[in-house]
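Structural characterization, general
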Amino acid sequence: MPAENPAAGNLDDDDYPAYTMGRAAAVLGTTPAFLRALGEAKLITPLRSEGGHRRYSRYQLRIAARARELVDQGTPVEAACRIIILEDQLEEALRLNEEMRGTTDDSGTGGNP
């Protein structure tokens, strides 16, 4: 009976750091330097392997792809990273606002009569 691969179950996890820097750059059609720039701008923080190599998750690749779209449209890398961070913060604030409205409306103390 073959040994089970414990990492195999993680491949469906969006946060599992499955991509090396080279593979991530190839998937995005960019360079490792671009990924390093996103890290320096604190847009994404790759996990590190035991050997210290950067590893990226699918979630991080989606963020990097959005940054690449903005850069391809002429936005400087630092500005693209800031835009994405602000978009993320806005989305979270809207989600929390909606959640609070639902909580208030459910208690009978909010909402319009």
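Conventions we followed
- Residues numbered from 1 in each chain as written.
- Predicted model: local features only at pLDDT ≥ 70, side-chain atom pairs only at ≥ 80, totals over all residues.
- Heavy atoms only, no water.
- Salt bridge = Lys/Arg side-chain N within 4 Å of Asp/Glu carboxyl O.
- Helix = DSSP H or I, 4+ residues; strand = E, 2+ residues; numbered from the N terminus.
- Buried < 20%, exposed > 50% of the residue type's maximum accessible area, 1.4 Å probe, protein only.
- Axes fitted to C-alpha atoms, helices over the stretch in contact; angles between N-to-C directions.
- Parallel < 35°, antiparallel > 145°, perpendicular 65-115°, else oblique.
- Contact = heavy atoms within 4.5 Å.
- Nonpolar A, V, L, I, M, F, W, Y, C, P; charged D, E, K, R; others polar.
- Pairing = 2+ DSSP bridges.
- Left-handed = near helix turned anticlockwise from the far one by under 90°.
- Arc of directions from axis to C-beta.

The subject of this paragraph is the pattern of salt bridges. Considering all chains together, one arrives at seven salt bridges under this definition. Measuring nitrogen to oxygen at the nearest pair gives 2.6 Å for the salt bridge that ties R62 to D14. Placement of R62 in helix α3 (residues 58–72) and of D14 in the segment before β1 (19–20) is noted, with a sequence separation of 48 residues between them. R62 sits in the partly exposed class, given a relative accessible area of 45%. Judged by its relative accessible area of 28%, D14 falls in the partly exposed class. Across the pair R66 and E69 runs a salt bridge whose closest N-O atoms are separated by 3.5 Å. Here the residue R66 and the residue E69 both occupy positions in helix α3, the gap between them amounting to three residues, near one helical turn. Note on R66: relative accessible area 27%, which makes it partly exposed. When its relative accessible area of 43% is taken as the criterion, E69 is described as partly exposed. Each of the salt bridges in this network shares a partner with another, and the network as a whole consists of D14, R58 and R62.

Direction vectors running N to C along helix α2 (residues 32–40) and α3 enclose 105°, while the axes themselves pass 11 Å from each other. When the interaxial angle is binned, α2 and α3 end up roughly perpendicular. Within the contact between the two elements, α2 uses F34, L35 and L38 and α3 uses A64, A67, R68 and V71. Residue composition of the contact of α2 with α3, grouped by class: six nonpolar, no polar and one charged.

What follows deals with the sheet that holds β1. Strand-to-strand pairing in sheets goes through backbone hydrogen bonds, with the strands running parallel or antiparallel. One open sheet holds the three strands; their spatial order is β1-β3-β2, and the pairing between them is antiparallel. In this open sheet, the two edge strands, each paired with only one partner strand, are β1 and β2 (47–48). Here β2 pairs with strand β3 (residues 54–56) via two bridges, running antiparallel. Paired with R48 across the strands is R54, a residue of β3.

The N-to-C vectors of helix α1 (residues 21–28) and α3 enclose an angle of 50°; their axes lie 10 Å apart at closest approach. As judged from the angle between their axes, α1 and α3 are oblique. Regarding α1 and α3, the two cross each other, and that crossing is right-handed. Only L61, A64, A65 and R68 of α3 make contact with α1, whose side of the interface consists of A24, V27 and L28.

A separate point is α2. Listed in full, the buried residues belonging to α2 are F34, L35 and L38. Seen end-on, α2 carries its buried residues on one side only, within an arc spanning 100°. K42 sits one or two positions beyond α2 and adopts a positive phi of about 65°.

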